[in-house]
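Analysis of the macromolecular model
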Amino acid sequence: MAAGTGSRMSFFTRICAGWLIVIVLGAIFADLIPGLKDPNYQGFLFGDGATNERPSWNHLMGTDNNSRDILARIVYGARVSLVVSMTAVVMGSVFGGFFGALVGFVRGKTDATIMAAVDVILAFPGLVLLLTVVTLLGRRDLMVIAAVVGFLSIPPYTRVARATALAVSRREFVMAARAIGTRKRTILFREIIPNCLPTLMAFALVNAAVIILLEGALAFLGLSVEPPTASWGNMVNAARVDLTINVWPAIWPSLALVFTVYSLNNVGDHLRRSKAVRSAAL
Amino acid sequence: MLPFIAKRLVRLVATLLAVSFLTFLLVNLLPGDAINALIPIDAQQDREFVEQVREEWGLNDPMIVRYGRWLGDAVQGNFGDSIVTSRTVSSEITHRLPVTAELMIVTVLFSVMLAIPLGVMAAYREGSRVDQVISGMAQLFLSIPGFVAGLLMIYIFAMKLGWLPATGWNRFSNGLLDNLKTVILPALSLALIEIAVYTRVVRSDVMNTLQENYVLSARAKGLGNRYILFRHCLRPSSLTLITVVGLNIGTLLGGTVVVEFLFAMPGLGKRLLDAIFQRDFMMVQGITVLIATIYVLVNTAVDLIYMVVDPRIRKAD
């Protein structure tokens, strides 16, 4: 990633970045991984394995209380987390980034109107709004969840982009561009937006972590994608009932969730630090 | 300063109005007809009767009229009736709010009490092993969602060790100790992320303050380290901490929904979740508006406190 050139990644940050790459590749190419089981195959129905099996060579992480292979469900569950967080990041940075940069640059009435709308949406605690919208919509396939989460991610990005655009608008090169009579639209696309991007990208990584946690919580409450589709949150919820029999079905998806969020935060922190170095050098 | 406060209050009222209208819109535009809650579906053959009930409950009026009516009642403390339990929404709320409030207060107090010494220690020994451990721990805690922490703690403290009950709630009136026993685990599972956030804030703030000239002069006077850290450094940092606590109330409110669900606590969050599953629209609307109101009020209060304490903000705005 180009933004990472500011300082060297520590060994630990490299492991985190590596894990993120593994998760992304695993989620994309899940169907092609040799030996990976079908995540919805309930072995015990066909006399093939039992429920809540301990880890073995056949099932590396054991089986859950429906005797499905946990490793496979974690790999496929990553898809849900990734699709939802990617949609949020893309929708947030494209729409939120554009609106924010626009109103931070032109100010005036447009600014007041858009920011008032943003404030209203941000006045709802994220999870509560998400919960209400998702349930009232009534349909809960992956695309609906991703779209709702994505739409609700626009306001925070708008705020970040606006704050950055406000600062950028006061810089000398923008002043210079105005002085030589450059058209406003050109200034917006050539000067303002490119200079907001690094901040937005650092925010996007941390935000992706937040979204994964949100989706996890939603799934844990039984309000994300419908079963039997695996997601890390609903795996933890399903395992909750049989905690006394076997704790592993709850541990594995929790570990996957925590380590992914941790890696995003860690790499995000690294990018922010290296960006701080860069902007200090200007 | 007064005009500023007045401006803030006007904005507060405007935001609350917009928030309640948006909730109303959400709850009403989306699928589901309130008539189904009033008359059983198989009793809806009699068109005339249905129409009469619709008229009686004002379901045929344009939405803006219905919103006006709801708002008029709401400002008088009447949020309508739950269509499932047929109790009033406000009585359910007053019954359940104390549980959620206690959970949040215990969480915030506990996290702040832990985060301040940790943050100060990390800042004072910046870059040392101590700092590395504290900062690393904060980063880890930041990545552990409430339901994972809660489930793990239920497994360890309730199932394996048997020290605390796994689920349920003892009201304050049942005795302080029993009450505390049921609030510890939920509060701890919410606290992890809060501790992480606050520790980071205190650390970076104190680190900045330690560079100030007045700290240098305090050192030159020969004041003790502890005195400087907690008297000179912490005071300006406490402002930032207040703001962050205020801003985090939203996340915390969301977190209580999850934790109350996991620990089967009779709080607002659990009730909201139940109402959502039962499609109890009046209840959903009441609780959502209430939660948003608390959030907006807390944030406005934080802004005002901040402004009263730090004169620089007043000038800047």
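The shown structure was predicted, so the numbers you read here are calculated from the model rather than taken from an experiment.

Here the focus is the packing of aromatic side chains. Counted by the stated rule, this structure contains 15 aromatic pairs over all chains. Here phenylalanine 220 of chain A and phenylalanine 147 of chain B contribute two aromatic rings whose centre-to-centre distance is 4.6 Å and whose plane-to-plane angle is 15 degrees, an arrangement assigned as stacked. Pair noted here: phenylalanine 220 of chain A is in helix α7 (residues 184-220) and phenylalanine 147 of chain B is in helix α7 (residues 146-160), and the two residues belong to different chains. Both rings, one in phenylalanine 24 of chain B and one in tryptophan 70 of chain B, keep their centres 6.2 Å apart while their planes meet at 45 degrees; by these two values the pair is tilted. Taken as a pair, phenylalanine 24 of chain B in helix α1 (residues 2-29) and tryptophan 70 of chain B in helix α4 (residues 63-75) lie far apart in primary sequence, 46 residues in all.

Here proline 227 of chain A and proline 228 of chain A are connected by a cis peptide whose omega angle stands at 10 degrees. Counting through the fold element by element, proline 228 of chain A comes out in the loop between α7 and α8 (232-240). Positive phi is not limited to glycine here, since arginine 107 of chain A has a value of about 55 degrees. When you line up the elements, arginine 107 of chain A lands in the loop between α2 (70-106) and α3 (108-122). Among the residues examined, arginine 107 of chain A registers a relative accessible area of 41% and is labelled partly exposed. One non-glycine residue, alanine 264 of chain B, lies in positive phi territory at about 50 degrees. Of note, alanine 264 of chain B is situated in the loop between α10 (225-262) and α11 (268-278).

The subject of this paragraph is the domain arrangement of chain B. Residues and elements named next belong to chain B. Partitioning chain B into domains gives domain 1 (2-75) and domain 2 (96-316). Between domain 1 and domain 2, the residue contacts involve 15 residues of the former and 14 residues of the latter. At the boundary of domain 1 with domain 2, total buried surface from both sides reaches about 1400 Å², with 79% on carbon and sulfur atoms. Among the residues domain 1 hides against domain 2, the three largest losses belong to Arg8, Val27 and Trp70. Together they make up 36% of the total. There are zero residue pairs in polar contact (both at pLDDT 80 or more) connecting domain 1 and domain 2. With twelve residues, α1 is the single largest residue contributor to the side of domain 1 that touches domain 2. Looking at the side of domain 1 that touches domain 2, its residues break down into nine nonpolar, five polar and one charged.

In globular proteins that are soluble, nonpolar side chains generally tend to be buried together. Counting 146 residues, the largest nonpolar core has Leu131 of chain A together with Tyr198 and Val206 of chain B as its most contacted members. Broken down by element, the residue count for this core peaks at 15 residues, all from α10 of chain B. Both domains that furnish three or more residues to this core are identified here as domain 1 (2-75) and domain 2 (96-316) of chain B. In this structure valine 206 of chain B touches Val120, Ala123, Leu229, Cys233, Leu234 and Ser237 of chain B, once residues within four positions along its chain are discounted. In terms of nonpolar packing, the next biggest core, distinct from the first, is built from eleven residues, Ala165, Val168, Ala177 and Ile187 of chain A among them.

So, how was this worked out
- Residues numbered from 1 in each chain as written.
- Chains lettered and ligands numbered in written order.
- Predicted model: local features only at pLDDT ≥ 70, side-chain atom pairs only at ≥ 80, totals over all residues.
- Heavy atoms only, no water.
- Phe/Tyr/Trp six-rings, centres within 6.5 Å; stacked < 30°, edge-to-face > 60°.
- Helix = DSSP H or I, 4+ residues; strand = E, 2+ residues; numbered from the N terminus.
- Buried < 20%, exposed > 50% of the residue type's maximum accessible area, 1.4 Å probe, protein only.
- Domains from an automatic or database assignment.
- Contact = heavy atoms within 4.5 Å.
- Buried area = accessible area lost by both parts, 1.4 Å probe.
- Polar contact = N/O pair within 3.5 Å; in protein donor to acceptor, adjacent residues only side chain to side chain.
- Nonpolar A, V, L, I, M, F, W, Y, C, P; charged D, E, K, R; others polar.
- Core = buried A, V, L, I, M, F, W, Y, C linked by side-chain atoms within 4.5 Å.

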